[in-house]
There are 2 protein chains.
Amino acid sequence: MSTLAGEPCDTSSWDAGNCPVRDVMNQIAGKWSTLLLEALAQKPYRFGELRRLVPDISQRMLTQTLRDLQRDGYIDRQVFPTKPPSVEYSMTELGHSLFEPLAKVLAWAGDNHAAVKAARVKFDASELG
Amino acid sequence: MSTLAGEPCDTSSWDAGNCPVRDVMNQIAGKWSTLLLEALAQKPYRFGELRRLVPDISQRMLTQTLRDLQRDGYIDRQVFPTKPPSVEYSMTELGHSLFEPLAKVLAWAGDNHAAVKAARVKFDASELG
DNA sequence: TAGTGCTAGTCTCTTTTTGAGACAAACAAT
DNA sequence: ATTGTTTGTCTCAAAAAGAGACTAGCACTA
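Quantities reported herein were computed from a predicted structural model and do not represent experimental measurements.

1. Side note on the pairing of strand β2 (residues 75-80) of chain B
All names here are of chain B.
- Relative to strand β3 (residues 86-91), β2 runs antiparallel, the two being bridged by six bridges. Among the inter-strand pairings, Asp76 is bridged to a residue of β3, identified as Ser90.
- Remark: five residues form the turn of the hairpin made by β2 and β3, two consecutive strands paired antiparallel.

This is the structure we're talking about:
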């Protein structure tokens, strides 16, 4: 319960870089991060495979998001000296340990998607008054 | 296991708006969303209180993030006719049910912050080679 | 009565981030 | 010779976020 006992972060000595919630979440909270983590949690994928799996991600964002996830230690990048060289991305132990609780949130999203969409409709309707 | 069985989303008939993971996560994955949810999971707060709790959020983003969270049904906005009028934000049932699994991820962040930071140092060092 | 401060925002301007799409290099197959 | 494959990078346009001034109504203070 460490980080959940008091305020989101220690307010007295505020330091955004020292807040674990922000520091970790800001990375996995990206538009594409969870999607890629969900894919790589199942099995390793190559760059092009991920690109086909998430058709509307640009190469630029795929490259960048993968590098960020690699930097934080969630995924591994392995280059194979084939011709042309191929690159395989796989989830690390740390990544799997993160994905365990994260999968629960993803499951929640699936289970409650209808409720969220209903809330939106209701909200948008009341805005028009 | 519904959404976790196969690919992140049904790839054959791809529709970003129909993917629960994307539709739900894109909202709670914002830079400030989890932080505000964490605060409001504990007790209701007023606009100014939240602003002080998260010093480096701009009024603009606080307003907008709160409205987005309200739109998705996670929080309630109640105006009190005091002078000057005050507004209280509180977490809904839906919000609490989301926060239950989300709290596990937040706890993970607290427990593994050191490992993530270590991974970053290692990555950045190997980049300089 | 003028000045100051509180509330919860909005409006505008600048900076940062993201998206779209062309381009690269090296080799295989046609 | 041309086309296709791989994993990226580069540039430019569009979208989003951040900074800070501004609003309105009322209370308190001088």
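2. Here we look at the protein's contact with DNA strand D
- Of all residues adjacent to DNA strand D, which total 20 residues, the nearest are A:Gln59, A:Arg77, A:Tyr89, B:Lys31 and B:Met61.
- Counting only the atoms of DNA strand D that lie within 4 Å of the protein, the sugar and phosphate share comes to 62%.
- A:Gln59 has a polar side-chain atom sitting 2.7 Å from a base oxygen of DNA strand D.
- Here a phosphate oxygen of DNA strand D sits 3.1 Å away from a polar atom, N or O, in the side chain of B:Trp32.
- If you list the elements that add at least two residues to the surface near DNA strand D, you get α3 (47-53), α4 (59-71) and β3 (86-91) of chain A together with α4 (59-71) of chain B.
- Classifying every residue of the surface near DNA strand D gives eight nonpolar, five polar and seven charged.

3. Regarding the packing of helix α2 (residues 33-42) of chain B against helix α5 (residues 93-127) of chain B
Residues and elements named next belong to chain B.
- Interaxial distance between α2 and α5 falls to 11 Å at its minimum, and their mutual angle equals 115 degrees. In terms of orientation, α2 and α5 fall into the roughly perpendicular class. When the axes of α2 and α5 are compared, the crossing they make is left-handed. Listed contacts from α5 to Thr34, Leu37, Glu38 and Ala41 of α2 are His96, Leu98, Phe99, Leu102 and Leu106.
- Class assignment for the residues of the contact of α2 with α5 results in six nonpolar, two polar and one charged.

4. Notes on helix α1 (residues 20-28) of chain B
- Of all nine residues in α1(B), eight are buried, a share of seventy percent or more.
- Every buried residue of α1(B) is accounted for by B:Pro20, B:Val21, B:Arg22, B:Asp23, B:Val24, B:Met25, B:Gln27 and B:Ile28.
- Next to the buried residues of α1(B) lie α2 (33-42) and α5 (93-127) of chain A together with α2, α4 and α5 of chain B.

5. Re the packing of aromatic side chains
- Inspection of every chain in the model, using the stated rule, returns two aromatic pairs over all chains.
- Pairing A:Tyr74 with B:Trp108 gives two aromatic rings, centres 6.1 Å apart and planes at 50 degrees, and the pair type is tilted. Linking A:Tyr74 in the loop between α4 and β2 (75-80) with B:Trp108 in helix α5, this pair reaches from one chain into another.
- Overall, the relative accessible area of 0% leaves A:Tyr74 in the buried class.
- The class of B:Trp108 is buried, set by a relative accessible area of 7%.

6. Focus: the relation of the copies chain A and chain B
- Relative to chain B, chain A is turned by 180 degrees and slid 0.0 Å along the rotation axis, the superposed coordinates differing by an RMSD of 0.0 Å. Such a turn and shift between the copies fits a two-fold axis. Taking C-alpha positions as the reference, the residue of chain A nearest the rotation axis is A:Ala29, at 2.1 Å.
- Comparing interface residues between copies, 100% of those in chain A also lie at the interface in chain B; the contact surface is shared.

7. Examining the interface of chain A and chain B
- Across the contact, 65 residues belong to chain A and 65 residues belong to chain B.
- Between chain A and chain B lies a buried interface of about 5500 Å² when both sides are counted; carbon and sulfur atoms form 65% of it.
- In this structure, the connection of chain A to chain B is made through eight salt bridges.
- With a shortest N-O distance of 2.7 Å, A:Arg120 and B:Asp72 are connected by a salt bridge.
- Contributions of two or more residues to the side of chain A that touches chain B are made by α1 (20-28), α2, α3, α4 and α5 of chain A.
- Per element, the largest residue contribution to the side of chain A that touches chain B is 24 residues, and it comes from α5(A).

Conventions used here
- Residues numbered from 1 in each chain as written.
- Chains lettered and ligands numbered in written order.
- Predicted model: local features only at pLDDT ≥ 70, side-chain atom pairs only at ≥ 80, totals over all residues.
- Heavy atoms only, no water.
- Pairing = 2+ DSSP bridges.
- Helix = DSSP H or I, 4+ residues; strand = E, 2+ residues; numbered from the N terminus.
- Near = heavy atom within 4 Å.
- Polar contact = N/O pair within 3.5 Å; in protein donor to acceptor, adjacent residues only side chain to side chain.
- Nonpolar A, V, L, I, M, F, W, Y, C, P; charged D, E, K, R; others polar.
- Axes fitted to C-alpha atoms, helices over the stretch in contact; angles between N-to-C directions.
- Parallel < 35°, antiparallel > 145°, perpendicular 65-115°, else oblique.
- Left-handed = near helix turned anticlockwise from the far one by under 90°.
- Contact = heavy atoms within 4.5 Å.
- Buried < 20%, exposed > 50% of the residue type's maximum accessible area, 1.4 Å probe, protein only.
- Phe/Tyr/Trp six-rings, centres within 6.5 Å; stacked < 30°, edge-to-face > 60°.
- Least-squares fit on C-alpha atoms with pLDDT ≥ 70 in both.
- Buried area = accessible area lost by both parts, 1.4 Å probe.
- Salt bridge = Lys/Arg side-chain N within 4 Å of Asp/Glu carboxyl O.

None of this, on its own, says anything about what the molecule does.
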